[in-house]
Amino acid sequence: MSKGPMCNVSDYEEFALSVLPKSTADYYKSGAENEYSLNQNRQAFQRLRLRPRMLVDVSQLSCSTKVFGEEVAIPIGIAPTAMQKMAHPSGECANAKAAGAMGTIFTLSTISTSSIEEVAEAAPDTVKWFQLYIYKDREVTKKLVQRAERSGFKALVLTVDAPIFGIRYADERNRFSLPPHLRLANFSDDKATKVTEARDDQSSLNAYVFSLLDQKLTWKDIKWLKSITRLPIVLKGILTAEDAIIAADLGVEAIQVSNHGARQLDTVPAAIEALPEIVKAVGDRCEIFFDGGVRSGTDVFKAVALGAKMVFVGRPALWGLAHSGQQGVEHILKILKKELITSMTLTGCTSLATISKSMVVHENYYSRL
């Protein structure tokens, strides 16, 4: 299947992009407009330097954590990504089972090719969260929440950075549409079937989502969502301290610092650049999670040092799926875990709690100017 051993996330990415149809590969890998923020998501990590401490007993080490009071084996979860059956026939079900096998969290996208119920049945022991949009028709949203609750999902991840979908040139050029043998499994209306129909003016997915998403959404709708569910609410897509404070004032249980994989608004900061100001503003009031540009265990270490309790990966799991389904995703998580443990060992950290902010500095710290 592959030409050699898969040693890191980049090996899986290279393989996936070589075997996936161009339209699918471009959909998964592309960012908004000229992809400045997409590139910065990676480059910002590379501008951070580690300051390791020596002569620490690291013979006993743990990278487990607690999220909403529950033990999680590794601080590396699966972020929501759309339409995973384009990568592998088992899609979201395989991804969820891989997360469960590694003792971590799987987040199911609303725009999935496996339904809430199918994923619940396939991975009953996995800790599952459901990513949600608030739609123009609040009943659509309410029914999705109720289905997630009935199916045993443990949290709602509300994406707040998408009143519309961003401009993605690759999808426009490809006139992206969902392959006709697949469906948006959480919807059964006629509009959902049109995601498989190519359009001349834009991707059919963007047209469908635009027909559903509510551009009138405001902070008062967070109160409404809290009124219809007892599940913890994670606000995903926060990039400023100002918004983080409003969210904390409304009593959300967590904030996921994210720029949507740099797929929404180009030239926003890299997610890792935005993390410190949000941790400083509300890190003592709610849990802080992170996604965006993570490709190694060292990246995970840096995000934890800057205040993230959990780090989520999206595209790397897709690359694992494209390679070998559940086995590929499990191996991706094992690689990231191994790299994280190595980073902890070589910096003198025996637990996530001992990873100190002082261990990560910007490259300018070492400037001789």
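Caption draft 1: Region of the structure containing the overall build of the chain. Counting its regular elements, the chain contains 14 helices and 12 strands. Radius of gyration (C-alpha) of the chain: 20 Å, near the 21 Å computed for a compact globule of 369 residues. Each of the three principal axes of the chain carries a C-alpha extent, and together these read 65 × 50 × 45 Å. In the chain, buried positions account for 56% of the 369 residues. Once local pairs closer than 6 in sequence are excluded, the contacts in the chain between residues at least 24 apart make up 74%. When the accessible surface of the chain is totalled, it reaches about 16100 Å², and 51% of it is carbon and sulfur. Charge separation in the chain, taken as the distance between the mean sites of 44 positive and 41 negative side-chain charges, equals 2 Å.

Caption draft 2: View of the pairing of strand 8 (residues 233-238). Counting buried residues along strand 8, 6 of its 6 residues qualify, which places the element largely inside the surrounding structure. In terms of strand pairing, strand 7 (residues 155-159) meets strand 8 through 4 bridges, oriented parallel. Counted as the bridge partner of Thr159 is Lys236 from strand 8. Note that strand 8 and strand 9 (residues 254-257) share 4 bridges and pair parallel. If you follow Val234 over to strand 9, its bridge partner there is Ala254.

Caption draft 3: Focus on the packing of aromatic side chains. According to the stated counting rule, one finds 13 aromatic pairs in the structure shown. Look at Phe68 and Phe289: their rings are 5.9 Å apart centre to centre, the planes differ by 70°, and that puts the pair in the edge-to-face class. With Phe68 in the loop between strand 2 (65-67) and strand 3 (70-72) and Phe289 in strand 10 (residues 287-291), this residue pair connects regions lying 221 residues apart in the sequence. According to the relative accessible area criterion, Phe68 is partly exposed, its value standing at 24%. Take Phe289: its relative accessible area is 0%, and that puts it in the buried class.

Caption draft 4: Here's a closer look at the layout of surface pockets. Its boundaries defined by the atoms lining it, the largest pocket holds a volume of some 460 Å³. Forming the walls of the largest pocket are 23 residues, and the residues nearest its centre are Val160, Asp161, Ala162, Pro163 and Gly237. Roughly 230 Å³ of volume is contained in the second largest pocket. As for the second largest pocket, its lining consists of 13 residues, and the residues nearest its centre are Ile288, Val304, Gly307, Ala308 and Lys309. Tallied by class, the residues present in the lining of the second largest pocket amount to 8 nonpolar, 3 polar and 2 charged.

Caption draft 5: Looking closely at empty space enclosed by the protein. Counting across every chain of the model gives 2 cavities of 30 Å³ or more. Put simply, the largest cavity is a space of about 410 Å³. Lining the largest cavity are 28 residues; nearest its centre among them are Pro80, Thr81, His260, Gly261 and Arg263. Counting residues per element, the ones that place at least two in the lining of the largest cavity are helix 2 (22-29), strand 11 (310-313) and helix 14 (315-347). In terms of residue count, helix 14 provides more of the lining of the largest cavity than any other element does, 3 residues in total. Along the lines of polarity and charge, the residues of the lining of the largest cavity split into 13 nonpolar, 9 polar and 6 charged.

Caption draft 6: Summary view of the nonpolar core. If you look at the biggest cluster of nonpolar residues, it comprises 106 residues, and the most contacted ones within it are Met83, Phe130, Ile255, Ile272, Leu275 and Phe290. A per-element tally of this core places helix 14 first, with 12 residues. Listed in part, the 12 residues of the second largest apolar core include Ile105, Ala155, Val234 and Met310.

Caption draft 7: Looking closely at the packing of helix 6 (residues 138-150) against helix 10 (residues 220-228). Between helix 6 and helix 10, the least distance of the axes is 11 Å, while the angle of their chain directions is 40°. Considering the angle they form, helix 6 stands oblique to helix 10. In this structure, the crossing between helix 6 and helix 10 has a hand that is right-handed. Seen from helix 6, the contacting residues are Arg138, Thr141, Lys142, Val145 and Glu149; seen from helix 10, they are Asp221, Trp224, Leu225 and Ile228.

Reading the values: the criteria
Along each chain, residues carry numbers from 1 onward, in the same order as the chain's sequence is written. Side-chain atom pairs in this predicted model are given and counted only at pLDDT of 80 or more, local residue features only at pLDDT of at least 70, and totals for whole chains, interfaces and linings cover all residues. No hydrogens and no water enter the side-chain calculation; it runs on all heavy atoms of the structure. By definition, any uninterrupted DSSP run of H or I lasting at least four residues is a helix, any uninterrupted run of E lasting at least two residues is a strand, and each is numbered from the N terminus. To get the radius of gyration, use the C-alpha atoms; to get the globule rule, take the number of residues to the power 0.38 and multiply by 2.2 Å. Whether a residue is buried, partly exposed or exposed follows from its accessible area with a 1.4 Å probe, protein chains only, as a fraction of its type maximum: under 20%, in between, or over 50%, in that order. The criterion used for residue contact is that any of the two residues' heavy atoms lie within 4.5 Å. Residue exposure ignores everything except the shown protein chains as possible cover, and the areas themselves are Shrake-Rupley values with a 1.4 Å probe. Under the counting rule used here, the positive set is Lys and Arg, the negative set is Asp and Glu, and His together with the chain ends is not counted. One atom stands in for each charge, and that atom is NZ of Lys, CZ of Arg, CG of Asp or CD of Glu. Pairing between two strands requires that DSSP report at least two bridges joining them. Whether two aromatic rings pair depends on their centres lying within 6.5 Å, for rings of Phe, Tyr and Trp, where Trp uses its six-membered ring; planes under 30 degrees apart make the pair stacked, over 60 edge-to-face, and the rest tilted. Each cavity reported here is a set of points on a 1 Å grid over the protein atoms alone in which a 1.4 Å probe fits but cannot get out, each pocket an open set with protein on both sides within 12 Å along at least five of seven lines, and each lining residue one with an atom within 4 Å of a point. Grid points are joined across faces, edges and corners, and a volume is the space filled by probe spheres set on the points. Residue polarity is assigned by list, with Asp, Glu, Lys and Arg as charged and Ala, Val, Leu, Ile, Met, Phe, Trp, Tyr, Cys and Pro as nonpolar; anything else, Gly included, falls into the polar class. Residues belong to one nonpolar core when they are buried, are Ala, Val, Leu, Ile, Met, Phe, Trp, Tyr or Cys, and are joined through side-chain atoms within 4.5 Å. The convention used is that axes are lines fitted to C-alpha atoms, helices contributing only their stretch in contact, and that angles between N-to-C directions extend from 0 to 180 degrees. Throughout, the term roughly parallel applies to angles under 35 degrees, roughly antiparallel to angles over 145, roughly perpendicular to angles from 65 to 115, and oblique to all others. The sense of a crossing depends on the near helix, which, turned anticlockwise from the far helix by less than a right angle, makes the crossing left-handed and, turned clockwise, makes it right-handed.

Any link to function would need more than the numbers given here.
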